[in-house]
Amino acid sequence: QVQLVESGGGLVQTGGSLRLSCAASGRTFNSYVMAWFRQAPGKEREFVATIDWSGGYTLYADSVKGRFTISRDNAKNTVYLQMNSLKPEDTAVYYCAAGSKIGVVPREYGSWGQGTQVTVSS
């Protein structure tokens, strides 16, 4: 399995931006589908975005489409989530995940990071 470490979370005002990073260990990063999920207090973990191994295919949750962008740099073993026009409802712990195929549910991903907190103030 691949080890994942997220960074870049923090406190931002409504309308602001943040870029999350997820650094992966191992030499097989470019064979993994990567995704971002988020979990707000009292809620289930929900899909945010996913990207295939080449970066040529991406999929977004409707709630973030047009505001968030997922990307990856296979030379740096890193996947990113650029978040613009942030809203209070985006407040959650954001998790990076790695899997073998594109999916939108947590059970389809076998490796997870520890999460990074994103708080959007109104």
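Here, the structure is the one placed above.
How each quantity is defined
- Residue numbering note: each chain is counted from 1, following its sequence as written.
- This being a predicted model, a pLDDT of at least 70 is required before a residue's local features are given, and a value of 80 or more before pairs of side-chain atoms are given or counted; all residues contribute to the totals for chains, interfaces and linings.
- Here the side-chain values reflect all heavy atoms present in the structure, with hydrogen atoms and water set aside.
- Among buried residues, those of type Ala, Val, Leu, Ile, Met, Phe, Trp, Tyr and Cys that are joined through side-chain atoms within 4.5 Å constitute a nonpolar core.
- We call a residue buried when its accessible area falls under 20% of the maximum for its residue type, exposed when it is over 50%, and partly exposed in between, using a 1.4 Å probe and counting protein chains only.
- Only DSSP runs of H or I reaching four residues or more are called helices, and only runs of E reaching two or more are called strands; each is numbered from the N terminus.
- Two cysteine sulfur atoms form a disulfide, by the criterion used here, when they sit within 2.5 Å.
- Aromatic rings from Phe, Tyr and Trp, taking only the six-membered ring of Trp, are treated as a pair when their centres fall within 6.5 Å; an angle between ring planes under 30 degrees marks them as stacked, one over 60 as edge-to-face, and anything in between as tilted.
- In this scheme, the term charge over a ring applies when either NZ of a lysine or CZ of an arginine sits within 6 Å of the ring centre and within 35 degrees of the ring normal.

Draft legend 1. Representation of the nonpolar core in the model. Core analysis: the largest hydrophobic core is formed by 36 residues, its most contacted members being Met34, Trp36, Val79, Leu81, Met83 and Tyr94. Within the residue set of this core, elements represented by two or more residues are strand 3 (18–24), strand 4 (33–39), strand 5 (46–51), strand 7 (68–73), strand 8 (78–83), strand 9 (92–99) and strand 11 (116–121).

Draft legend 2. Here's a closer look at the state of the cysteines. Counting across every chain of the model gives 1 disulfide. In this model Cys22 forms its disulfide with Cys96; the gap between the sulfur atoms is 2.1 Å. Its S-S torsion of approximately -80° makes the covalent link between Cys22 and Cys96 left-handed. In this pair, Cys22 is assigned in strand 3 and Cys96 in strand 9, connecting sequence segments 74 residues apart. The same class applies to Cys22 and to Cys96, which are both buried.

Draft legend 3. Region of the structure containing the packing of aromatic side chains. Within the structure shown, the criterion is met by 4 aromatic pairs. Between Phe37 and Tyr109, the aromatic rings sit 5.5 Å apart at their centres with planes inclined by 70°, giving edge-to-face as the arrangement. One end of the pair, Phe37, is in strand 4; the other, Tyr109, is in the loop between strand 9 and strand 10 (111–112), with 72 residues separating them in the sequence. With centroids separated by 6.5 Å and ring planes inclined at 75°, the aromatic side chains of Tyr95 and Trp112 adopt a geometry described as edge-to-face. A residue pair is termed long-range when its members are at least 10 positions apart, and Tyr95 in strand 9 and Trp112 in strand 10 qualify at 17 residues. Owing to a relative accessible area of 13%, Tyr95 belongs among the buried residues under this scheme. Each member of the aromatic cluster is reached from another via a ring pair, and the members are Phe37, Phe47, Tyr95, Tyr109 and Trp112. A cation over an aromatic ring shows up here: Arg45 above the ring of Tyr95, its NZ or CZ 3.7 Å from the ring centre.

Treat this as a map of the structure, not an account of what it does.
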